[in-house]
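Residue-level listing of the chains:
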Amino acid sequence: MRTAYSVETVRAAERELMARLPEGALMQRAAAGLAAACADLLGRVYGRRVVLLVGSGDNGGDALHAGARLARRGAGVTAVPLSPERVHEGGLAALRRAGGSVAGVAGAEDLIERADLVVDGIVGIGGKGGLRAEAVPLTEAAARARAAVVAVDLPSGVDADTGEVHGAAVRADLTVTFGTHKPGLLVDPAREYAGSVRLVDIGLELPGGSAQLEALQHADVAALLPVPAPESDKYRRGVVGIAAGSARYPGAAVLAVAGALRGGAGAVRYVGPAADAVIARFPETLVSDQGPRRAGRVQAWVVGPGAGDDADTVNEVLRAEVPVLVDADGLRLAEAGAVRRRAAPTLMTPHAGEAAALLGVSREEVEGARLAAVRELAGRYGATVLLKGSTTLVADAADGVPVRVNATGTGWLATAGSGDVLSGLAGSLLAAGLSTRDAASAGAYLHGLAGRFAADGAPVGALDVAGAVPGAWRDVVSG
Ligand SMILES: NC(=O)C1=CN([C@@H]2O[C@H](COP(=O)(O)OP(=O)(O)OC[C@H]3O[C@@H](n4cnc5c(N)ncnc54)[C@H](OP(=O)(O)O)[C@@H]3O)[C@@H](O)[C@H]2O)[C@@H](O)CC1
Ligand SMILES: [K+]
């Protein structure tokens, strides 16, 4: 499991550790890890040209000490302090001792153009708002140049705690972060600025249970997936009910069933007007022409994909005493009060546009503040909410539960019907007994991986994604 902690928690852990260590030791650990990552990126250090963009705090100190280490190995290192009157003294002295030089902001764009590596030590976890004006031309020059850009701790200008980006920010090829991931490194849009992320252990001890974010890995998901017991029959493995599709959108029903058949439930029960299309494609489906209430027992419902305007079915499903996943049209048709009153758990799975409609804000606002949006929705509806996107977020209604973030997806998953497959898959995991939070996060993980496998670098259709779920499942359980 990868975890991310808030700046406040990092600061507290830092204070505790600093009190036990000699002065400057922590920064040396950070600088050593940073210099090693830069050296790996450069391949050969001797003779390379390195420019350090140095802000007024300890983030700049890290860059200066790492620069000193690179200079000792033969790199030509130039520091560009953005506020020369406030610069980390010890770091500057170390760089000078190692043979590095210092340049003013005025000529820095030329230096950056000729550099092999630009190190962004402008601002780290002490940053507020986007980059300040004086730094913007330099970071633009870095983006234009052929040099690799390495961000120290965070790309300067992104918000460490929220992943929001207000104004200009550095675009890095690699971010070397210290002690723990910060939420901004895992959540879009900030995540896209970070490039790949390397975590350097500096000995910080973070309090268990206080993470802001969790990103599941293969082993975590494998531990969640249902395993049939020897005496299992299809009913014990769980039955998932799919109330989806309409005369206008029969395909959504087929796709949700396709996902559900791969999600670990023992049987899939379909209710709705697309039964013929479903049976034609998946004869193993149990179909019913009665409404959800009379369709027979299920352990979880999925409602909404392709539902059109069938509000009655959506609200009938919401009265069921089993977990319910609400997706697509169902999100629009569900009465907020009916969701909040439910005794059994509810999982809502909006994309940014649907989340925006539920919150009464613009899509851009949701995309710019994804963590805030998913938390707000979960709180308002008293439900678990999965917010789709290039990184999917899963928030619980209860306070203090880390938001789960999933990055297994690929841009190719942004294809019609892909969400219907996910809702079937996650609903099936719910029926197999997973909690809403686990079903959502394991479902998103498998779905993203299946998308990657099915796409393999080329466009892909939603049924292909469903077909690739068993391969993703095998990949996860075999480690
Ligand atoms: N935590 C740890 O365990 C360890 C932490 N370490 C390192 O320390 C870093 C934190 O250092 P920090 O506290 O000195 O803050 P930092 O990020 O350098 O920024 C503060 C300065 O930036 C300025 N500034 C603010 N906003 C700005 C903006 N938008 N654009 C431009 N400038 C802006 C602000 O200026 P002011 O507002 O005062 O004018 C202030 O002077 C951390 O990220 C990591 O790299 C490691 O060395 C060891 C282990
Ligand atoms: K930085």
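Residues numbered from 1 in each chain as written. Chains lettered and ligands numbered in written order. Predicted model: local features only at pLDDT ≥ 70, side-chain atom pairs only at ≥ 80, totals over all residues. Heavy atoms only, no water.

### A short note on the sheet that holds strand β6 (residues 148-152)
Pairing is parallel across the open sheet formed by seven strands, whose spatial order is β4-β3-β2-β5-β6-β7-β8. Of all strands in the sheet, those bounded by a partner on one side alone are β4 (101-102) and β8 (196-200). As paired elements, strand β7 (residues 174-178) and β8 share five bridges and run parallel to each other. Paired with V176 across the strands is R198, a residue of β8. (Pairing = 2+ DSSP bridges. Helix = DSSP H or I, 4+ residues; strand = E, 2+ residues; numbered from the N terminus.)

### A word on the layout of surface pockets
As a volume, the largest pocket reaches approximately 1,100 Å³. As for the largest pocket, its lining consists of 50 residues, and the residues nearest its centre are D58, N59, G124, I125 and G126. Top contributing element to the lining of the largest pocket by residue count: helix α1 (residues 7-20), with five residues. Partitioned by chemical class, the residues of the lining of the largest pocket number 22 nonpolar, 14 polar and 14 charged. Of the pockets and cavities examined, the second largest pocket occupies roughly 740 Å³. Partitioned by chemical class, the residues of the lining of the second largest pocket number nine nonpolar, 14 polar and 10 charged. (1 Å grid on protein atoms, 1.4 Å probe; cavity = no way out; pocket = protein on both sides within 12 Å on 5 of 7 lines; lining within 4 Å. Points joined across faces, edges and corners; volume = space filled by probe spheres on them. Nonpolar A, V, L, I, M, F, W, Y, C, P; charged D, E, K, R; others polar.)

### Re the sheet that holds strand β12 (residues 286-288)
Consider a sheet: its strands pair through backbone hydrogen bonds, and that pairing is either parallel or antiparallel. Spatially, 11 strands are ordered β1-β9-β18-β17-β16-β15-β14-β13-β10-β11-β12 in an open sheet, and the strand pairing comes out mixed. Edge positions in the sheet fall to β1 (2-4) and β12, since each of these pairs with one other strand and no more. Each strand of the sheet is rotated relative to its neighbour by a mean of 20 degrees, with strand direction disregarded. By the bridge criterion, four bridges tie strand β10 (residues 239-243) to strand β13 (residues 300-303) in an arrangement that is parallel. Residue pairing for β13: I242 is matched across the bridge by V302. (Axes fitted to C-alpha atoms, helices over the stretch in contact; angles between N-to-C directions.)

### So, the coordination of the potassium ion (ligand 2)
Only N59 (OD1), D120 (O), V123 (O), V152 (O), L154 (O) and S156 (OG) from the protein reach the potassium ion (ligand 2) as donors, at distances of 2.6 to 3.0 Å. The sequence pattern describing where the donors of the potassium ion (ligand 2) fall on their chain is N-x60-D-x2-V-x28-V-x1-L-x1-S. In this structure D120 comes out as buried when scored by relative accessible area, which is 0%. Judged by its relative accessible area of 22%, V123 falls in the partly exposed class. (Donors = N, O, S within 2.8 Å, 3.2 Å for Na, K, Ca; no water. Buried < 20%, exposed > 50% of the residue type's maximum accessible area, 1.4 Å probe, protein only.)

### Brief notes about the domain arrangement of the chain
Taken domain by domain, the chain consists of domain 1 (2-212) and domain 2 (218-477). The distance between the C-alpha centroids of domain 1 and domain 2 comes to 40 Å. Domain 1 puts 12 residues into the contact, and the matching count from domain 2 is 14 residues. The junction of domain 1 with domain 2 conceals about 920 Å² of combined surface from both sides, 50% of it contributed by carbon and sulfur atoms. Broken down residue by residue, the surface that domain 1 buries against domain 2 is led by V187, D188 and Q212, which jointly contribute 43%. Our count for the contact surface shared by domain 1 and domain 2 stands at zero salt bridges. (Domains from an automatic or database assignment. Contact = heavy atoms within 4.5 Å. Buried area = accessible area lost by both parts, 1.4 Å probe. Salt bridge = Lys/Arg side-chain N within 4 Å of Asp/Glu carboxyl O.)

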